[in-house]
Every structure is written in C-alpha cells, then in structure tokens.
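Examining the three-dimensional arrangement
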Amino acid sequence: MRRLPLLLSISALAVLTGCGSTPSQQAAPASVPGQTIEGKIHGGNQPIVGAHIYLFAANNIGYRAPSISLINPHFPGVATDSNGTYLLTNTSGGFNLGGAYSCIPGQQLYILATTGNPGLHGISNNDALAMLTALGACPSDGNLAETVPYISINELTTVATIYALAGFMSDPIHVSAALSPGSIQGLANAFATVNTLVDISTGTSLAQNQQGNGVLPQAKLDTLANILAPCINSTSQTNGCATLFNNAKDSNGNAPLDTATAILNIAHNPAANPAALFTLATANAPFQPALTAAPNDWTLAITFYAANMAGPYYPAFDSTGNLWVPAYASNTLTKFDPFGNIVSGQSGFTGGGLNQPYSVAIDSSDNPWVVNFGPFNASTVSKFLSNGTPATATPYPCSTTCFFSAFDTVGNLWISAANRTIVLSPAGAHLAQFTTSAYNSGIVLDPSDNAWTLGLGAKLYRLTLPSTTSVFNESVTSSSATTELIPTALDATGNTWFVSSKNNALGKSDPSGKPLSPAGGYTGGGLNSPGGIAIDGANTIWITNRNTNSISAFTNSGAAITPSTGYTADGVSGPRGIAIDPSGNLWVTNFTYNSVTEFLGIAAPTATPITASTHGQRP
C-alpha cells in the first residue's frame with residue numbers, strides 16, 4: 001500500500017483543535033485505555049498472515065484531514081510506519097488489541113489492515129492489500145469489547161465500510177468530518193450504517209435491516225467483495241489486481257495502488273466500467289448470493305418500506321438525519337431515522353389536517369411543515385412538532401392549489417401555488433401574497449430572503465417582501481404547458497437550478513436572474529421526465545427520473561456525470577422526491593410504491609435542514 005505522511009496522534013488533535021488555548025474553550029476529553037478486542041483478517045477464505053493492523057479514529061478538524069492513529073507506539077510488539085502504529089496478525093490471521101490502544105469517548109473508530117501474506121508460496125506480502133472494518137463510537141469507558149468483542153475483516157466489511165464512509169473518506173487513512181454538530185452527527189450516522197449492511201463479528205452480508213422493513217443490496221455487495229478477492233489473494237502484479245486498478249480509477253484518471261482505494265473510487269464513480277469489473281467475480285467466488293450479470297452501475301441502495309405510506313411525495317431531512325415523508329394517497333407523515341427504521345409507527349403520523357400531503361419543509365426547531373394539496377381548491381399547511389405531534393388541530397389556509405415551500409432567514413414560510421406565492425409567519429399568520437403563474441413549480445429562498453420560483457411563459461420570478469416582484473426570462477421550461485413540474489434548488493453561490501418535466505432539461509440562472517444554461521438547458525445524463533432536484537454539499541445537482549426509475553447527476557457547470565441510463569437500483573419505482581442527508585446518502589421517494597430508497601455514500605454530506613443560508617454546503 002502506498003505510504004502517506006505520519007498520522008495525527010491524540011495530542012496532535014488537541015493542538016489542532018485549539019483545546020485549552022483560550023478560557024472559553026473546553027478541554028479535550030481524556031483518552032481511556034482500551035480493553036481486549038480480537039479478531040481475524042481473511043481474504044476470501046484465506047487467513048492473512050503478517051498483515052499490519054492499524055486502529056484509527058476519524059478526525060473532526062475538517063474534511064480531508066488525516067485519521068488519528070490510536071495504537072500505543074510503546075506497547076510490546078507495536079511497530080510504526082508512515083501510516084501510523086500497527087500490530088501484526090499471527091499465522092491464523094488473528095490479532096488482539098488488548099491494552100494496546102486508547103480512545104476518547106465518542107470518537108468514531110475503524111481498523112485498517114494492509115499487506116500480509118494471503119497464503120502465497122515464496123512471496124512474503126501482498127502490498128496491494130488494504131481492507132477495513134468500522135467499529136463505531138469509542139464507549140464512555142473505552143472498552144470496545146462491550147460492543148465489538150470479536151471483529152472480522154474481509155472483502156465484505158471493506159466494501160460496506162467504504163461505501164458508508166465515502167462522503168468523509170479521501171483515502172483509507174484520511175477519514176474526517178468538520179468540527180460542527182451536523183458534520184459530527186453525519187459521521188456518526190455513517191459509521192453506524194455499516195452495521196446495517198454486514199455483521200462485523202462474522203464478516204457476512206445481511207439481506208434485510210434489523211427492523212425488517214429494509215431490503216438490502218446483498219447480491220451486489222457480495223459481488224463487489226468478490227471483485228476484490230482475486231487481487232487480495234494474489235499480488236499487485238497479477239491480472240486480478242491489474243484489471244481492478246485499470247477499471248477503478250478516480251475522477252482524475254489516476255489508478256489506485258491498493259484494494260481499499262479501488263473500492264472507494266468505485267463508490268465515487270459507480271458507472272465506470274461495470275462490465276469489466278464484473279468479470280473479476282469468478283464462478284467459485286467466496287461470497288454468495290452474488291449477481292449473475294453485470295449491473296448498470298455499482299451504486300449500493302437500500303429500499304425501506306412503510307405499510308401506510310401510499311404515494312410518498314417530496315420529503316425533507318431534519319438536523320439529525322431523520323427523513324420526513326408525506327404520503328399523498330394515505331394522508332400520513334412517516335418519519336424514518338438515519339438508518340431507515342420507522343420511528344412514526346407503521347401507520348405514520350396523522351391528524352393536523354393532513355389532506356393529500358405534497359411536500360415537507362423543516363424549520364429551525366426540526367418541526368415539519370406539510371403543504372397539503374387538498375382539500376379541493378382550498379390547500380392548507382399542517383405543522384407538526386419534531387416528535388410527530390400535530391402543532392394545531394386546524395391547518396393554516398394556503399391558496400387554491402399549493403405545492404412546495406421553503407423558509408427564509410427569519411422563519412417565514414414561502415409557498416408556491418398555481419397562480420400565486422403565499423408567505424406565512426412563523427406563527428402561521430398570512431403575511432403576503434404575490435401574483436405569479438407558477439402552477440406546480442418549486443420555490444427556494446436565497447440568503448437575502450429573495451424567493452425564486454418559475455411560471456408560464458418560461459419566466460423566472462424573484463419575490464421580495466413586502467411586495468416586490470421581478471421577472472426574468474429563461475429558455476428551459478415550456479412556454480405554455482400548465483402541467484409542467486418544475487422542481488427548484490439553489491446552490492452555494494446563489495444560482496437557481498430547475499428541471500423541466502416536459503423538456504427533460506436542467507436550467508441554471510445566476511443570482512441576478514441571468515440565464516447561465518444554454519438555450520434549451522443542460523441535457524443528457526439520463527434525464528427523463530424529471531420529478532425532483534437536490535444539490536449536495538459539493539454543489540453537485542441530483543435529479544429523479546420518473547419514467548426510467550433512475551437518478552441523474554450533473555456537475556455545477558452542467559456536465560452530465562451519470563450515463564444515458566442514469567443510476568438505477570432495485571426498488572426504485574416512479575421516484576418523485578429527493579433529499580440528501582448529512583452523511584452523503586441520497587434518498588428518493590417511490591411514489592408508485594410505499595417505500596423510499598437510499599443510495600449509500602453517493603453524494604457529498606449536506607447540511608440539513610435546508611435553510612436560506614446553507615444551500616449546497618456541507619454540515
């Protein structure tokens with residue numbers, strides 16, 4: 001494995017975070033000596049002898065920072081290289097970390113294994129070998145044995161760990177978040193997600209989540225593990241490694257030098273060379289069940305079902321990564337935790353005047369506000385508390401037909417309606433009304449509290465309290481279609497993005513309303529009757545495609561990232577809404593089925609809930 005600069009110690013972390021530098025800053029928590037934890041590393045069914053076992057903590061001083069090496073360099077048998085401190089596995093691939101490490105309670109921990117001999121005669125080590133297993137949070141007493149007494153490290157744990165942590169990982173020894181509550185929460189959620197995919201004590205993949213409402217991508221996960229196995233059980237000079245590395249390059253065209261970086265590149269570029277990579281999974285591959293044919297792409301997606309969530313529409317995330325989903329046909333509001341477990345009960349939250357709920361916006365107190373398409377010709381807005389209790393028995397009046405909503409910086413709720421835009425105060429009182437021809441267009445608020453929405457005649461509106469309306473031209477949407485769905489989003493620099501369901505095109509206008517996209521918009525990338533749009537923390541644009549059950553992605557300059565088929569996954573059915581969580585997972589609502597689908601680690605971590613000041617930003 002390639003060597004990188006020596007990683008940070010716990011004491012170095014304290015210096016970088018400024019602990020103790022001013023009276024107003026809290027001292028760093030004390031490091032707690034670790035208790036016995038043991039495990040084994042296998043390549044397929046082969047033990048890896050003499051592998052380097054590193055214990056790392058993810059950093060939180062900023063994205064792309066180095067991980068923190070936790071094994072005591074003075075402990076017997078410990079050695080140090082440019083990656084950090086490590087122990088060696090024995091002749092059966094086993095290791096024991098008892099007394100050799102210490103950790104700060106709450107740190108997110110993982111094990112990296114590199115090099116070692118996978119049973120090759122006359123060859124000492126496979127320098128291309130790199131595998132991981134996420135352990136989760138350091139307990140309050142530092143005793144990992146309470147939660148992970150035995151650890152398996154193999155190809156499956158490697159794939160699961162890297163996909164779950166892809167939004168925070170730049171290479172196997174650089175896993176880091178920002179020093180903010182939202183980023184730390186997103187990192188913790190990402191680490192915990194690994195346990196949804198695999199049993200780290202046995203190194204086996206799982207078919208469903210613990211609650212039983214989630215269908216996991218077991219066959220695709222097994223296949224990715226099988227793709228790694230030929231390289232891990234050989235040397236970097238073999239065809240297995242050469243084919244893997246040549247077809248798993250990063251976005252700059254650089255080939256990886258180890259198996260963990262190869263999987264990370266695949267997670268970040270899932271449509272690159274799926275057929276060529278599939279050929280590496282041999283007929284007698286160790287992990288089953290596996291795919292029988294090459295997939296469209298290597299995204300990993302989980303579909304979560306809720307019995308009474310018929311017609312899920314446009315959702316939103318709260319600050320801790322819970323997803324709130326309005327169900328148009330069942331008049332319910334379902335809350336999923338960051339791992340897809342239903343926390344609102346199978347029946348969902350009801351009451352509060354829910355009537356054909358269409359979209360959700362989350363306020364600064366994590367309270368969901370639901371725009372109801374009904375009653376007929378008299379749409380309303382229902383407010384719920386963060387625990388799912390209706391805030392009022394009677395919903396707030398809106399307009400004839402209302403669709404999307406967004407909050408400004410002082411907590412006013414702006415709502416797009418068929419022929420007007422309504423503004424409600426934080427208490428639900430009617431503040432203002434603007435005449436527009438938006439039909440069911442989206443609405444976004446910029447940091448200056450200007451609202452942006454679109455309308456008939458290919459118009460873009462900028463609305464400002466108390467009563468200013470500015471109108472700009474664009475050429476992406478249809479000039480006269482009254483049934484055109486035009487979801488809208490804002491990026492970090494204040495550009496407005498929108499998709500036309502009629503023209504299969506993506507539009508972009510700058511903060512002054514000037515069109516930046518070409519005439520007819522950006523196209524390609526699998527756009528096909530787009531239904532929803534979201535922008536992640538790296539300002540990548542993500543779109544659901546209703547007709548092809550897929551998602552599309554574009555760079556901020558309008559270049560298509562996805563192929564002509566988009567990214568696809570089992571379970572995606574008539575996708576409408578789309579939202580990105582603080583871990584970088586992308587979630588879509590399946591309108592023609594009672595489910596949501598989570599694409600793991602495909603996007604950049606994104607600040608939630610969306611506010612007028614945090615568009616296109618990481619937590």
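1. What about the side chain of serine 583?
Tracing the sequence through the fold places serine 583 in the loop between β41 (575–580) and β42 (586–590). Among the polar contacts made by the side chain of serine 583, one reaches the main-chain carbonyl oxygen of glycine 186 at a distance of 2.6 Å. Each residue touching serine 583, except ones within four places of it in the same chain, is listed here: Gly167, Phe168, Gly186, Asn189, Ala190 and Pro605.

2. Regarding the state of the cysteines
Evaluated as defined, the whole model comprises three disulfides. Here cysteine 398 engages in a disulfide with cysteine 402; their sulfurs sit 2.1 Å apart. The S-S bond linking cysteine 398 to cysteine 402 shows a torsion near -105°; that makes this disulfide left-handed. Disulfides within the protein link the bonded cysteines, taken in sequence order, as 1-2, 3-4, 5-6.

3. Some details on the packing of aromatic side chains
Throughout the structure, instances matching the rule amount to 24 aromatic pairs. For the ring pair tyrosine 358 and phenylalanine 403, a centre distance of 5.3 Å and an interplane angle of 75° mean the geometry is edge-to-face. You can see tyrosine 358 sitting in strand β22 (residues 357–362) and its partner phenylalanine 403 sitting in strand β26 (residues 402–407), a full 45 residues away along the chain. A relative accessible area of 4% places tyrosine 358 in the buried class. Residue classification places phenylalanine 403 among the buried residues on the basis of a relative accessible area of 4%. Here arginine 618 stacks its cationic end above the ring of tyrosine 63, 5.1 Å away from the centre of that ring.

4. Describing the packing of helix α2 (residues 155–165) against helix α4 (residues 218–232)
Where α2 meets α4, the closest approach of the two axes is 8 Å, and the angle between their N-to-C directions is 120°. In terms of their interaxial angle, α2 and α4 are classed as oblique. Here the hand of the crossing between α2 and α4 comes out right-handed. Counting all contacts with α2, which are made through Glu155, Leu156, Thr158, Val159, Ala160 and Tyr163, the residues of α4 involved are Leu221, Asp222, Leu224, Ala225, Leu228, Ala229 and Ile232. Considering only residue class, the contact of α2 with α4 consists of 10 nonpolar, one polar and two charged.

5. Notes on the environment of glutamine 107
Residue placement: glutamine 107 occurs in the loop between β9 (102–103) and β10 (108–114). On the accessibility criterion, glutamine 107 (9% relative accessible area) is buried. In this structure the side chain of glutamine 107 is engaged in a polar contact, spanning 2.7 Å, whose partner is the backbone nitrogen of isoleucine 104.

6. Overview of the pairing of strand β33 (residues 468–473)
Sheet topology places strand β32 (residues 459–464) next to β33; six bridges connect them, and they run antiparallel. By the bridge assignment, arginine 462 is partnered in β33 with serine 470.

7. Quick notes on the sheet that holds strand β25 (residues 396–397)
On the basis of which strands lie adjacent, the open sheet formed by four strands has the order β22-β23-β24-β25 and antiparallel pairing. Across the chains shown, the open sheet's two edge strands, defined by having one partner strand only, are β22 and β25. Strand direction decides the pairing type here: β22 and strand β23 (residues 368–372), joined by five bridges, are antiparallel. The residue bridging serine 359 from the neighbouring strand is valine 371, located in β23.

8. Topic: the environment of threonine 161
Structurally, threonine 161 is set in helix α2. For threonine 161, a relative accessible area of 0% translates into the label buried. In this structure the side chain of threonine 161 is engaged in a polar contact, spanning 3.1 Å, whose partner is the backbone nitrogen of alanine 134.

9. Remarks on helix α3 (residues 181–197)
Every α-helix carries 3.6 residues per turn, so stepping three or four residues along brings you back to the same face. If you check α3, its first and last C-alpha atoms are 25 Å apart, about what 17 residues at 1.5 Å a residue would give, namely 24 Å. Where α3 is concerned, the buried positions are Ser183, Gly186, Leu187, Asn189, Ala190, Phe191, Thr193, Val194, Thr196 and Leu197.

10. Regarding the nonpolar core
Of all hydrophobic cores here, the largest spans 96 residues; its most connected members are Leu97 and Leu244. Val423, Phe434, Ala451 and Ala612 belong to the second-largest nonpolar core, a separate cluster that totals 17 residues.

11. Concerning α2
Counting buried positions over the 11 residues of α2 gives 11, a clear majority of the element. The N-cap residue of α2 is asparagine 154: its side-chain oxygen and the backbone nitrogen of leucine 156 are 3.0 Å apart.

12. Looking at the confidence of the model for the protein
With 94% of its residues at a pLDDT of at least 70, the protein reaches an overall mean of 92. Contacts for the low-pLDDT stretch residues 1–28, under 50 throughout, to residues beyond four places or in other chains number 67 contacts.

13. Focus: the packing of α4 against helix α6 (residues 259–268)
Between α4 and α6, whose axes approach to 10 Å, the crossing angle comes to 150°. Considering their axes alone, α4 and α6 lie roughly antiparallel with respect to each other. Crossing geometry of α4 relative to α6 is assigned as right-handed. Facing Leu224, Leu228, Cys231 and Ile232 of α4, the residues of α6 in contact are Thr259, Ile263 and Ile266. A class-by-class count of the residues in the contact of α4 with α6 yields six nonpolar, one polar and no charged.

Parameters and conventions
- Residues numbered from 1 in each chain as written.
- Predicted model: local features only at pLDDT ≥ 70, side-chain atom pairs only at ≥ 80, totals over all residues.
- Heavy atoms only, no water.
- Helix = DSSP H or I, 4+ residues; strand = E, 2+ residues; numbered from the N terminus.
- Polar contact = N/O pair within 3.5 Å; in protein donor to acceptor, adjacent residues only side chain to side chain.
- Contact = heavy atoms within 4.5 Å.
- Disulfide = S-S within 2.5 Å.
- Phe/Tyr/Trp six-rings, centres within 6.5 Å; stacked < 30°, edge-to-face > 60°.
- Buried < 20%, exposed > 50% of the residue type's maximum accessible area, 1.4 Å probe, protein only.
- Lys NZ or Arg CZ within 6 Å of the ring centre and 35° of its normal.
- Axes fitted to C-alpha atoms, helices over the stretch in contact; angles between N-to-C directions.
- Parallel < 35°, antiparallel > 145°, perpendicular 65-115°, else oblique.
- Left-handed = near helix turned anticlockwise from the far one by under 90°.
- Nonpolar A, V, L, I, M, F, W, Y, C, P; charged D, E, K, R; others polar.
- Pairing = 2+ DSSP bridges.
- Expected span 1.5 Å × (residues − 1).
- Core = buried A, V, L, I, M, F, W, Y, C linked by side-chain atoms within 4.5 Å.
- pLDDT = per-residue confidence, 0-100.

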